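# Architecture and fold: a report
Here is how the chains run, residue by residue.
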Protein chains: 2
Amino acid sequence: MRVDELDAKIVRLFTEEQRMSVLEASRILKVARATVQARLDRMIANGVIAQWVPQPEPRAFGFPVVAFCFLTINQDLGHDAVSKALAAIPEVIEVHTVSGDSDLMARVAARSNSDLQRVLDIIMATKAVVRSSSVIALNTHFEGRTLPLLEAAARP
Amino acid sequence: MRVDELDAKIVRLFTEEQRMSVLEASRILKVARATVQARLDRMIANGVIAQWVPQPEPRAFGFPVVAFCFLTINQDLGHDAVSKALAAIPEVIEVHTVSGDSDLMARVAARSNSDLQRVLDIIMATKAVVRSSSVIALNTHFEGRTLPLLEAAARP
DNA sequence: CCTTTATTGCGCATACTGCTCAGAGCAGGG
DNA sequence: CCCTGCTCTGAGCAGTATGCGCAATAAAGG
C-alpha cells in the first residue's frame, strides 16, 4: 500500500501521544475527523498498522537478558514444525527462517545469563533442534523503530 | 515489577480486541472499572507496557525484506556514536551491541534483495562500520510475541 | 491487632465515538 | 468537455466511555 505524508503524520501523532483521540488529532492536523478515521481504517485494513496493542516489555517484568540463537534443525521435521515447537516456549519471542549457515534464528528472553542456559536446554530438549549458537545482546540501542521508515516511504 | 494473573488477563484482552474499552474490559473480567484503570496505569508507569501505539509494518508498505547485519565497527568511535549514526538511516529498525565476533547487530528493512545492497552501502558509507556480514530472514514465523512470557511471569 | 494499600460501586460533567449524509474538489477516461 | 469515481469536508445525533472524586469494604503486611 502507498502511504502519503498525512498518513505518516497521523501515525506519528498517535505514537508520540498515545492518549490522543481521533478528534484531537483531526484538530491538530487541520483535517476533518472523518479523514483521520478513514486513514486509520485504511492503514489498519492494509496491515500498514500491524497492531495497536499494549506491548509488554520483558525487561520490565524480570527478563532483562535478550539473546539471538542460531539454530540448526532436525531436517526430518521441517521449518514449520520446528517453529511450532518453539512457539510453545514463552521465552521465545521471535523466530525466522534465515539464510546462511543456520536454519532458524530465534530471539530469546531470559531472567539472567544462567537462566538463558535453562531456556536453551528447553529448546534443545524439543529434539527439533540439533545445534544452537547464541549471541547475547549486551545493550539495546533502539528497537522497533519503524516510524522513520514509514515517513521515508511517505515522502514524495 | 511483579505482575499477577489479572494484569496478564487485562493485557491479553486489550491485545485480542484492540477496540476494547476499559469499561468493557472491567465487565468481562468482573472487576471494577477503577481496578482495570489502576492496573493499566501501574503497568504503563513501570514500563511493563512499554508502548501502546500503532505499529507500522514495513512489509505492508514496500519493505518486504528483513536482514540481520552483524557489524564490526570503527573502534575509534565507540558503540554509542556508531548506533547514533545508524539511527539516521530509516531502514535500520533495531540496533544491539552484541557478544561474539561482531560488535553490533542491526535489523534492516529493504525493498528487495538488491535494495538491501543499497542500504548496506549507506551503512558502510558512514565510515562507522568496518565490516558487515548479513543474514536474510527468508520467512518470519512470528515476532513480538511477548504476551505468553508475560502470562508465564504472572503465574504463581 | 492495627496500619496501609487495593478494590469496589457510585455519580456526574465532559468528551469522544460510530454513524450517516449531502456537497465540494479533483483526477482520469471517454 | 462532461461524466465517473474517489476522497475530503462539515455537520448532527444518539450512545458510550472517560476522568474525577469519594466513602465503604476487603485484603495484605508488620
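Source: prediction; values computed, not measured.

Parameters and conventions
- Residues numbered from 1 in each chain as written.
- Chains lettered and ligands numbered in written order.
- Predicted model: local features only at pLDDT ≥ 70, side-chain atom pairs only at ≥ 80, totals over all residues.
- Heavy atoms only, no water.
- Phe/Tyr/Trp six-rings, centres within 6.5 Å; stacked < 30°, edge-to-face > 60°.
- Helix = DSSP H or I, 4+ residues; strand = E, 2+ residues; numbered from the N terminus.
- Buried < 20%, exposed > 50% of the residue type's maximum accessible area, 1.4 Å probe, protein only.
- Near = heavy atom within 4 Å.
- Polar contact = N/O pair within 3.5 Å; in protein donor to acceptor, adjacent residues only side chain to side chain.
- Contact = heavy atoms within 4.5 Å.
- Buried area = accessible area lost by both parts, 1.4 Å probe.
- Salt bridge = Lys/Arg side-chain N within 4 Å of Asp/Glu carboxyl O.
- UniProt positions renumbered as here; feature names shortened; annotations may be inferred.
- 1 Å grid on protein atoms, 1.4 Å probe; cavity = no way out; pocket = protein on both sides within 12 Å on 5 of 7 lines; lining within 4 Å.
- Points joined across faces, edges and corners; volume = space filled by probe spheres on them.
- Arc of directions from axis to C-beta.

## With respect to the packing of aromatic side chains
All names here are of chain A.
- Taken as a whole and judged by the stated rule, the model has five aromatic pairs over all chains.
- Relative to Trp52, the ring of Phe14 lies with its centre 5.3 Å away and its plane at 80 degrees, an arrangement referred to as edge-to-face. Here Phe14, found in helix H1 (residues 5–16), pairs with Trp52, found in the loop between strand S1 (49–51) and strand S2 (55–56); they are 38 residues apart in sequence, far enough to count as distant.
- Exposure remark for Phe14: the relative accessible area of 3% places this residue in the buried category.
- Aromatic side chains Phe61 and Phe63 sit 5.9 Å apart centroid to centroid with 70 degrees between the ring planes, which places their arrangement in the edge-to-face category.
- By relative accessible area, Phe61 is classed as buried at 4%.

## Remarks on the protein's contact with DNA strand C
- With respect to spatial proximity, 13 residues lie near DNA strand C, and among them A:Val22, A:Arg33, B:Ala32, B:Thr35 and B:Arg39 are the closest.
- Of all atoms in DNA strand C that approach within 4 Å of the protein, 68% are sugar or phosphate atoms.
- Between a phosphate oxygen of DNA strand C and a main-chain N or O atom of A:Leu23, the distance comes to 3.2 Å.
- Contact distances for DNA strand C include 3.3 Å between a base oxygen and a side-chain N or O atom of B:Arg33.
- Put simply, the parts of the chain that give the surface near DNA strand C at least two residues each are helix H2 (22–29) and helix H3 (33–45) of chain A together with helix H3 (33–45) of chain B.
- Ranked by residue count, the leading element in the surface near DNA strand C is H3(B), at four residues.

## Quick notes on the interface of chain B and chain A
- Contacts between chain B and chain A engage 63 residues on the former and 63 residues on the latter.
- Approximately 5,700 Å² of surface area, both sides summed, lies buried where chain B meets chain A, with 62% of it carried by carbon and sulfur atoms.
- Looking only at chain B, the three residues that lose the most surface to chain A are B:Pro54, B:Phe61 and B:Leu149, adding up to 12% of its buried area.
- Inspection of the region where chain B meets chain A yields four salt bridges.
- Ionic pairing is found between B:Arg19 and A:Asp41, a salt bridge with its closest N-O pair at 3.8 Å.
- Linking chain B to chain A there are 38 residue pairs in polar contact (both at pLDDT 80 or more).

## With respect to the UniProt feature "domain: Transcription regulator AsnC/Lrp ligand binding" (unreviewed entry) in chain A
- According to UniProt, the positions carrying the feature "domain: Transcription regulator AsnC/Lrp ligand binding" (unreviewed entry) are residues 78–140 of chain A.
- Each end of residues 78–140 of chain A is marked by a C-alpha atom, and these two atoms are 32 Å apart; helix forms 35% of the span and strand 41%.

## Brief notes about the environment of A:Asn46
- Within the element layout of this structure, A:Asn46 appears in the loop between H3 and S1.
- Each C-alpha atom of the pair A:Asn46 and A:Pro156 lies 20 Å from the other, and the pair is 110 residues apart in sequence.

## Thoughts on empty space enclosed by the protein
- By the definition in use, this model includes one cavity of 30 Å³ or more.
- Reported here for the largest cavity is a volume of approximately 30 Å³.
- Forming the boundary of the largest cavity are A:Ile44, A:Ile49, A:Ala50, A:Gln51, A:Trp52 and B:Gln18.
- At three residues, S1(A) tops the list of elements feeding residues into the lining of the largest cavity.

## Remarks on the pattern of salt bridges
Residues and elements named next belong to chain B.
- Enumeration according to the criterion identifies 28 salt bridges over all chains in this entry.
- A salt bridge links Asp7 to Arg39, with the shortest nitrogen-to-oxygen separation between them at 3.0 Å. Taken together, the positions of Asp7 in helix H1 (residues 5–16) and Arg39 in helix H3 put the pair 32 residues apart, joining distant regions of the chain.
- Classification of Asp7 as buried rests on a relative accessible area of 0%.

## A closer look at helix H4 (residues 79–87) of chain A
- Of all the positions in H4(A), only A:Val82, A:Ser83 and A:Leu86 are classed as buried. All buried residues of H4(A) fall inside an arc of 100 degrees around its axis, so they share one side. Within H4(A), the exposed residues directed more than 90 degrees away from the buried face are A:Asp80 and A:Lys84.
- Where the residues of H4(A) are buried, they touch strand S3 (65–73), strand S4 (92–98), strand S5 (104–110), helix H5 (113–125) and strand S6 (129–142) of chain A together with strand S6 (129–142) of chain B.

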